Amino acid sequence: MAKESTTIDIGEPSTVTKSTSHAVADEKKKSFVTAAAGGGYKRGLAIFDFLLRLAAIGITIGASSVMFTAEETLPFFTQFLQFQAGYDDFPTFQFFVIAIAIVASYLVLSLPFSIVTIVRPLAVAPRLILLISDTVVLTLTTAAAAAAASIVYLAHNGNANTNWLPICQQFGDFCQTTSTAVVAASISVVFFILLIVISAIALKRH
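Residues numbered from 1 in each chain as written. Predicted model: local features only at pLDDT ≥ 70, side-chain atom pairs only at ≥ 80, totals over all residues. Heavy atoms only, no water.

(A) View of the state of the cysteines. Counted by the stated rule, this structure contains one disulfide. Across the disulfide from Cys168 sits Cys175; the S-S distance is 2.0 Å. Sign of the S-S torsion, about -95 degrees for the bond between Cys168 and Cys175, identifies this disulfide as left-handed. A single burial state applies to Cys168 and to Cys175, both of which are buried. (Disulfide = S-S within 2.5 Å. Buried < 20%, exposed > 50% of the residue type's maximum accessible area, 1.4 Å probe, protein only.)

Shown next as structure tokens:
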């Protein structure tokens, strides 16, 4: 009986595996480059965010302090009668001082989160926390600035329909001080809007 011999041909190694591995490597390389580029511009946004917060801290502390020191006494007064105007004569101004002081405290507490976004620009959690918190505090800042601005307007112009006379002709320094505080608070509102826009851009995915 003749034995049948079986011959097995071993071909050349397939290049499919090599091509696949090269494609995977190229894809990882592209992903790494894209992540590095994204982290670069996000780190720049985080640095700008940190600087804005520092500026906003100074402005809000200044606004609250200026309003707190707003007081004027007219030079003509007697022992039993004197004309004086102070921030504590207006509940709206009292609310302004407290609210803006809270805003300044929040900004100080938000600095560590802002630093984290600089160190880890691709981290989502701290940026999302800042976005939500900034939006809430923006509402408080806007409410305080708008309420105080309405009182300052009445102090300058009065209201003929309700027979409210303007007082800034007599209390010029007081009105100037309160107006300065309101302007500073309005600038801080603009800063918060910028901070929210920065957080929204940083959270955007490629």
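There is more to say, and it comes next.
(B) Representation of helix α2 (residues 91–119). Across its 29 residues, α2 extends 43 Å between first and last C-alpha, which sits within 8% of the 42 Å expected from 1.5 Å per residue. At Leu111, α2 shows its maximal bend, which comes to roughly 35 degrees, and the proline Pro112 appears one to four places after that position. (Helix = DSSP H or I, 4+ residues; strand = E, 2+ residues; numbered from the N terminus. Expected span 1.5 Å × (residues − 1). Bend = angle between axes of the 7 residues up to and from the residue.)

(C) Expanded view of the pattern of salt bridges. Under the definition given, this model contains three salt bridges. Where Asp49 meets Arg53, a salt bridge forms, and the shortest distance between an N and an O atom there is 2.7 Å. Highlighted residues: Asp49 and Arg53, both in helix α1 (residues 16–68), separated by four residues, approximately one helical turn. Residue Asp49 shares its accessibility class with Arg53, and that shared class is buried. When the shortest N-O distance is used, the salt bridge between Asp134 and Arg53 registers 2.6 Å. (Salt bridge = Lys/Arg side-chain N within 4 Å of Asp/Glu carboxyl O.)

(D) Quick peek at the nonpolar core. Counting 23 residues, the largest nonpolar core has Met67, Tyr87, Phe93, Phe96, Ile100 and Phe174 as its most contacted members. Mapped by element, the contributors of at least two residues to this core are α1, α2, α3 (125–157) and α4 (172–203). The element contributing the most residues to this core is α4, with six residues. Setting aside its immediate chain neighbours within four residues, Tyr87 contacts Met67, Phe68, Ala70, Phe93, Gln94, Val97 and Phe174. Judged by nonpolar contacts, the second largest core, of 20 residues, contains Phe50, Ala56, Val103 and Leu130. (Core = buried A, V, L, I, M, F, W, Y, C linked by side-chain atoms within 4.5 Å. Contact = heavy atoms within 4.5 Å.)

(E) Quick look at a nonpolar patch on the surface. On the surface, Tyr41, Ile193, Val197 and Ile201 cluster together into a nonpolar patch covering about 320 Å² of accessible area. Among the elements that line the nonpolar patch, the one with the most residues is α4, at three residues. Here Tyr41 shows up in helix α1. Looking at Tyr41, the relative accessible area reads 33%, which means it is partly exposed. (Patch = residues over 30% accessible without salt bridge, like charges linked within 9 Å, V, L, I, M, F, W, Y side chains within 5 Å. Areas by Shrake-Rupley, 256 points an atom, 1.4 Å probe, with all protein chains shown as cover.)

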